[in-house]
Amino acid sequence: MEFTSFGLDERLVQGIAAIGFKEATPIQEQAIPKILAGKDIIGSAQTGTGKTAAFLLPLIHKIINSEDNQAVKALIVVPTRELAVQIDQQLEGLSYFTPISSIAIYGGNDGDSFSREKQALVTGADFVIGTPGRLIAHLSMPYVDFSKLQYLVLDEADRMLDMGFNQDIMRIISHTPQERQTLLFSATMPPKIRALMDQVLTDQEEVKIAISKPAERVVQAAFCVYEDQKVALMKFLLTRKKLTSVIIFAGTKDATKELNKALQSLGLKSEGIHSDLEQDQREAILNDFKSKQLNILVATDILSRGIDIDNIELVVNYDVPKEGEDYIHRIGRTARAASKGAAFTLITQKEQSKFARIEKLLGSEVIKAKLPAEIGEGPKYDPKPPGGRRKKRRNKPKTT
């Protein structure tokens, strides 16, 4: 279905064409007509399905064809500053030929940024895209007025609840009028999302897109390892050929710091990115990575969603992600824009059952690659061993 079929404003159609969008994705086909009709939406869709444009396009159309007033018209609440920036950038591109104004509001910036955000909230930007913590900081001041807000979007709602933002979200919503159009998007639909949906949506319609599988261009493989083999395997994977762009996902910020330190001690050009860093530090590291001045990035799941970096050659799950959806998001960083890529996962004994659940979600087994001889033999892949016990390790790995 082509975008011209939705009856969108001609200025918006120009922006769509300039970006290079041609045919609508399944979620865009389903969501855009419903949003244009004023329906509340509960959307089950991942990043990478075209979800962002699915709600931006109809909202831009409605705002540029409504009565002009100096007020915030649409509020988009997102879990991370990276996603806020990405949505703001896509909004800027789509609305290039329109008079739409927007601002991304997130923490970690200097005082000047806070002043600019305040000014936008006072004068009335059409779109405000913000993280819960930063929005709460502004809402505690008397100058914020969402009384004329028309549209509220909660994007990646499941991730926001996982991060403990439930009370913040409800507080933000309490500052908005009851007569509004609300759009809630979530990659998964656990009971807590259903509960939130019942609280904030009225007369909603559901738009559901099945969880996307990894692109066929991604070569997937897994290594069954003991914990003390992991760094040696990373050295092997990162030095056997010249790689210019690698993302390694670790489970926690402490693991990210430790692995980055270990890689740097091996002489590799690596940097870690996690929530302890200030925003300007994170942006500097990301800019170095995008410009190929830095070729290895060690990160927590803060990067698995909401970061748009093409030409990633290799993604490594140093720790098995908690959920299958997170696995798909992580390895989705590679093989983008028609390129090829590889995704390797390191599986310790205690993570085997978790990885088996991921394979069930994928609908197929991931190849278990043999460890290099110099690293030694790893554990057998046996996520459900008889009797519930695993065999003890017999031999220590060889060291390099």
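Enquirer: What's the story with the side chain of Thr182 in this structure? I'm lost.
Expert: Structurally, Thr182 can be placed in strand S6 (residues 181-186). Residue class for Thr182 comes out buried when judged on its relative accessible area of 1%. For Thr182, the side chain forms a polar contact with the side chain of Arg180, separated by 2.8 Å. For Thr182, the contacting residues outside a window of four places in its chain are Asp40, Ile41, Leu152, Val200 and Leu201.

Enquirer: How do you make sense of the packing of aromatic side chains when you look at a structure like this?
Expert: When we look at a pair of aromatic rings, we describe it by the centre distance and by the angle of the planes. Using the criterion set out here, one finds seven aromatic pairs in the structure. A ring pair is formed by Phe3 and Phe6, whose centres lie 6.1 Å apart and whose planes are at 55°; its orientation type is tilted. On the basis of relative accessible area, Phe3 is assigned to the buried category, the value being 4%. Relative to Phe97, the ring of Tyr96 lies with its centre 5.1 Å away and its plane at 85°, an arrangement referred to as edge-to-face. One aromatic cluster in this structure is built from Phe3, Phe6 and Phe21. One residue, Lys230, lies across the ring of Tyr318, its end atom 4.3 Å from the ring centre. Sitting above the plane of the Tyr381 ring, Lys368 keeps its charged end 4.2 Å from the centroid.

Enquirer: Can you walk me through the environment of Leu196 in this structure?
Expert: Structurally, Leu196 can be placed in helix H9 (residues 191-200). Sequence spacing of Leu196 and Asn166 is 30 residues, and the spatial spacing of their C-alpha atoms is 8.6 Å. Those residues in contact with Leu196 that sit more than four places away from it in its chain are Leu154, Ala157, Leu161, Ile169, Met170 and Leu184.

Enquirer: Looking at this structure, I do not really get the side chain of Ser186. What am I missing?
Expert: Looking at the secondary structure, you find Ser186 in strand S6. With a relative accessible area of 0%, Ser186 lands in the buried category. Side chain to side chain, Ser186 and Asp158 meet in a polar contact 3.5 Å long. Apart from residues lying up to four places away in sequence, Ser186 is in contact with Gly43, Ser44, Ala45, Ala157, Asp158 and Ile193.

Enquirer: Mind showing me how you'd approach the sheet that holds strand S1 (residues 40-44) here?
Expert: Either a parallel or an antiparallel arrangement is found when strands of a sheet pair, and the pairing is made through backbone hydrogen bonds. Pairing is parallel in the open sheet, where seven strands are placed in the order S3-S4-S2-S5-S6-S1-S7. Of all the strands in the sheet, just strand S3 (102-105) and strand S7 (204-208) have a single pairing partner and so form its edges. Along the sheet, successive strands turn relative to each other by an average axial angle of 15°, direction set aside. Note that strand S2 (residues 74-77) and strand S4 (residues 127-130) share four bridges and pair parallel. Within S4, the residue paired with Leu75 across the bridge is Val128. Packed onto the sheet, H9 meets S1, strand S5 (151-154), S6 and S7 and runs at close to 175° relative to S6.

Enquirer: Please clarify how the pattern of salt bridges should be interpreted in this entry.
Expert: Between side chains of opposite charge, pairing is possible as soon as their charged atoms come close. On inspection of all chains with the given rule, the structure shows 14 salt bridges. Residue Lys192 pairs with Asp162 through a salt bridge whose shortest N-O separation is 2.4 Å. Of the two residues, Lys192 sits in helix H9 while Asp162 sits in helix H7 (residues 157-162), which places them 30 residues apart along the sequence. Note on Asp162: relative accessible area 51%, which makes it exposed. Two residues, Asp276 and Lys257, come together in a salt bridge whose shortest N-O distance is 2.6 Å. One end of the pair, Asp276, is in the loop between strand S10 (270-273) and helix H12 (279-290); the other, Lys257, is in helix H11 (residues 253-265), and 19 residues separate them in sequence.

Parameters and conventions
Residues numbered from 1 in each chain as written. Predicted model: local features only at pLDDT ≥ 70, side-chain atom pairs only at ≥ 80, totals over all residues. Heavy atoms only, no water. Helix = DSSP H or I, 4+ residues; strand = E, 2+ residues; numbered from the N terminus. Buried < 20%, exposed > 50% of the residue type's maximum accessible area, 1.4 Å probe, protein only. Polar contact = N/O pair within 3.5 Å; in protein donor to acceptor, adjacent residues only side chain to side chain. Contact = heavy atoms within 4.5 Å. Phe/Tyr/Trp six-rings, centres within 6.5 Å; stacked < 30°, edge-to-face > 60°. Lys NZ or Arg CZ within 6 Å of the ring centre and 35° of its normal. Pairing = 2+ DSSP bridges. Axes fitted to C-alpha atoms, helices over the stretch in contact; angles between N-to-C directions. Salt bridge = Lys/Arg side-chain N within 4 Å of Asp/Glu carboxyl O.

As far as function goes, none of this settles anything; it's purely spatial.
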